[in-house]
Amino acid sequence: MGTIKKTTIDQKIGFWVSLRGRITGQLLLISLVPLIILSVLFFTSLNQAVGDFGTTVNQVRETMANEMIGTKLQTLAEETMAPIDTYMLERFHDIQEWAVTPIIITVLEETAREAEALASSGLDIEQIEARFENNRELALDSPAKAFLEQRLARNPAFKEVFFTDRHGYNVAVSNPTSDFVQSDETWWQVAWEKGTYISEVVYEESAEVYAVDMAMRIDHPDTGQALGVMKASLDITAIQTQASDIASHTAGAEVALFNADGYRIADSHSNHSPELIMTEAGNLFKLNYGPAKTVFEQEEVESGYLFDQASLHQTEGADVVGYARSAGADFYSDVPGFDGFNWGIVYLQPNPIAFQGMEPIIELESALNNLQNSTTTSVLTVVVLAAVGSVIFALFMANGISAPIVKLNQIANKIAAGHLDTAIDIQRRDEIGNLTHSLSLMTHNLRERIEAEQAANDKAQQLARADREAKEYLEQTVDNYLTFVERVAEGDLTARLSLNGDSDALTILGRNLNSMVGRLGEMTAQIREATAHISSAAAEILSATTQQASGANEQSAAISQTSTTIDEVKTIVEQSFSKAQAVAEQAQRTADVSRVGQQAVTETVDSMGQIKEKVASIAENILALSEQTQQIGEITATVNEIASQSNLLALNASVEAARAGEHGKGFAVV
């Protein structure tokens, strides 16, 4: 059996759009979604549990850090700062004690007269300095000088001690000073006016050390009279040593003491390196060290602690820092007009050392994190393996379901392409088997349907061939009829149609046309014969009239009238000929009608019923033409009758004219 030419349906379908992909996706959805949900729930629960435990550990750690580490370092900072304040206050008390010693008062009283004489001498400071250039004190080798040297020996922190009289002149000094007159110095002026003076840490050129200058006005114990000023330079090395000693008691601890401008006074880490003490390089503010700024930013808070602070020495790691400020005016109430040194101290310890006591908690937290990570890894591994297994299972199941369907699709494409003899060899006992059976049944029905259609097509071709032959016969017959009508319209009344003798409508029409043309020929012959008779009568009348014209001139008018009558007769003849011509034109119109009939037949060739109607219409037109031809015959009879009457009238007129004689000559014209 042949194939039917059709377009093959073979679209390329994406995997996820195909049946296999959709089944795979649905199976993966069914298998993976619960797994993912369980995994999410597990991870959520695990993270929440670990998070809650971590929060608890952090709270414990923070509590322990605050209560143990932070508070400890804060306390150490306070305990480091408090001895320094106490030490500084004690040293000031030493000066206070020395200033009221009887030896000092006695020497001042003894040198007062000399000092007054010097002050009233009119010499300026430069002149006085020049005068005492070699010995810059009034009481040389006095008991006061020995007293001061003894005090320095007992208190090595003081590098120098001296006192002046009320004019600022040196009375006794432990060490040589750079100037003799001190009244132009700020410290002397402040101490003389307010009673005390304590400086910031300054470099003492005479002692070549960084020191704190302490000055106190010397008042008479009994009278309270101001006698002079005592000054002592306190070396800060003692403070630095004390800071290092305190820091050494705590593992990994460091101590830094600094003033309100950020300059370091002590630094245990560098062993109080001169490059850092009271230098720009060691300025904590310029190093942007946060705890140093915190000390002075919180005026209402005198001490505290900070966690995770950057290293003071710009090394890796972080520190826990305890900080404190020096005491204020309340503590130094024994020092008139002094509000305290306004120093700050930081006591810092690296995080690993500071949190050593919390190692079990940190280890527990680390172990919990490791457990969380290992559990997460295990669960993820299980999930991945389950997902891979689900994918393989889904692909296997999808392939088992879709493979026969894909094969059926290929078979259906072949059938759609016209290969109805394609074998379907899928043997299954499920829905796909039912589909295979239905497809086989459909193919069988299609083959039967196509065979029936082919038989119907053969029959239709036979009918079409018969219709085509009938159409050709009709067109040939109409062409013959048109040619015949055109010949008749041109005046060939001898033309005849060749007929086959069949009894269809066209043959009957042809016979009628042949009969009509025959009658037209006969009528035309009769018209010609009548015309000849009329012409002969007119000639006879013209001859009689000519014979009578020679009788008299009076008959000229009658002759003229006779000529007129003859013209009228000629006119009647011409009218008869015109009517005959009209008959010919009517025949031409009949030919035109026949052409219209041909066009109508051509246009309606697909409908045999309409052809019959047009043929009937042509027959009716021909019958009408026959009727008109009969009318032409009647007209011809009328012309013949008129001619007979004209001959009779002419004869009567001639008889009457001859009878009348002379009087009848005028009537002869009639």
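Anyway, here's the lowdown on the structure attached to this text. All values reported here derive from a predicted model rather than from experimental measurement.

Side note on the nonpolar core
- Core analysis: the biggest nonpolar cluster contains 63 residues, and Met 88, Phe 163, Met 230, Leu 257, Phe 341 and Trp 343 have the highest contact counts within it.
- Apart from residues lying up to four places away in sequence, Phe 163 is in contact with Ile 104, Val 107, Leu 108, Ala 144, Leu 148, Tyr 169, Asn 170, Val 171, Ala 172, Ile 218, Val 229 and Met 230.
- Residues Leu 474, Leu 509, Leu 513 and Leu 520 belong to the second largest nonpolar core, which totals 15 residues.

Side note on the side chain of His 220
- Mapped onto the fold, His 220 is located in the loop between β4 (209-219) and β5 (226-235).
- Engagement of the side chain of His 220 in a polar contact is seen with the backbone nitrogen of Asp 222, the distance being 3.0 Å.

Focus: the packing of aromatic side chains
- In this structure the tally under the stated criterion is 14 aromatic pairs.
- For the pair Phe 132 and Phe 180, a centre-to-centre distance of 4.0 Å together with 10° between the ring planes defines the contact as stacked. Within this pair, whereas Phe 132 is found in the loop between α3 (125-131) and α4 (143-154), its partner Phe 180 is found in the loop between β2 (170-173) and α5 (186-194), the two being separated by 48 residues in sequence.
- Note on Phe 132: relative accessible area 12%, which makes it buried.
- Here Tyr 203 and Tyr 210 contribute two aromatic rings whose centre-to-centre distance is 5.3 Å and whose plane-to-plane angle is 65°, an arrangement assigned as edge-to-face.
- On the basis of relative accessible area, Tyr 203 is assigned to the partly exposed category, the value being 45%.
- Classification of Tyr 210 by relative accessible area gives partly exposed; the value is 27%.
- Aromatic rings pair up to connect Phe 331, Tyr 332, Phe 338, Phe 341 and Trp 343 into one cluster.

Here we look at the pairing of strand β10 (residues 344-350)
- With six of seven residues buried, β10 is to be regarded as a mostly interior element.
- Two elements, strand β6 (residues 254-258) and β10, share five bridges in a ladder whose sense is antiparallel. Within β10, the position partnered with Ala 256 by the bridge is Val 346.
- Of the strand pairs in this sheet, strand β9 (residues 318-325) and β10 are connected by seven bridges, and their pairing is antiparallel. Within the sheet, the bridge partner assigned to Asp 319 lies in β10 and is Pro 350.

Focus: the pattern of salt bridges
- In this structure the tally under the stated criterion is 11 salt bridges.
- Linking Arg 217 and Asp 219 is a salt bridge whose minimum nitrogen-to-oxygen distance equals 3.1 Å.
- Look at Arg 217 and you get partly exposed, because its relative accessible area is 22%.
- Given a relative accessible area of 25%, Asp 219 falls into the partly exposed group.
- Lys 286 is paired through a salt bridge with Glu 280; the nearest N and O atoms lie 2.0 Å apart.
- Exposure remark for Glu 280: the relative accessible area of 41% places this residue in the partly exposed category.

Regarding the sheet that holds β4
- Reading across from one edge, β2-β1-β5-β4-β3 is the order of the five strands in this open sheet, with antiparallel pairing throughout. The sheet is open, and its two borders are formed by β2 and β3 (196-204), each paired with just one other strand. Strand-to-strand, the axes of this sheet are offset by a mean angle of 20°, without reference to chain direction.

Some details on a nonpolar patch on the surface
- On the surface, Leu 29, Val 33, Ile 37, Leu 38 and Leu 41 cluster together to form a nonpolar patch covering roughly 470 Å² of accessible area.
- Along the polypeptide, Leu 41 turns up in helix α1 (residues 19-99).

Procedures and definitions
- Residues numbered from 1 in each chain as written.
- Predicted model: local features only at pLDDT ≥ 70, side-chain atom pairs only at ≥ 80, totals over all residues.
- Heavy atoms only, no water.
- Core = buried A, V, L, I, M, F, W, Y, C linked by side-chain atoms within 4.5 Å.
- Buried < 20%, exposed > 50% of the residue type's maximum accessible area, 1.4 Å probe, protein only.
- Contact = heavy atoms within 4.5 Å.
- Helix = DSSP H or I, 4+ residues; strand = E, 2+ residues; numbered from the N terminus.
- Polar contact = N/O pair within 3.5 Å; in protein donor to acceptor, adjacent residues only side chain to side chain.
- Phe/Tyr/Trp six-rings, centres within 6.5 Å; stacked < 30°, edge-to-face > 60°.
- Pairing = 2+ DSSP bridges.
- Salt bridge = Lys/Arg side-chain N within 4 Å of Asp/Glu carboxyl O.
- Axes fitted to C-alpha atoms, helices over the stretch in contact; angles between N-to-C directions.
- Patch = residues over 30% accessible without salt bridge, like charges linked within 9 Å, V, L, I, M, F, W, Y side chains within 5 Å.
- Areas by Shrake-Rupley, 256 points an atom, 1.4 Å probe, with all protein chains shown as cover.

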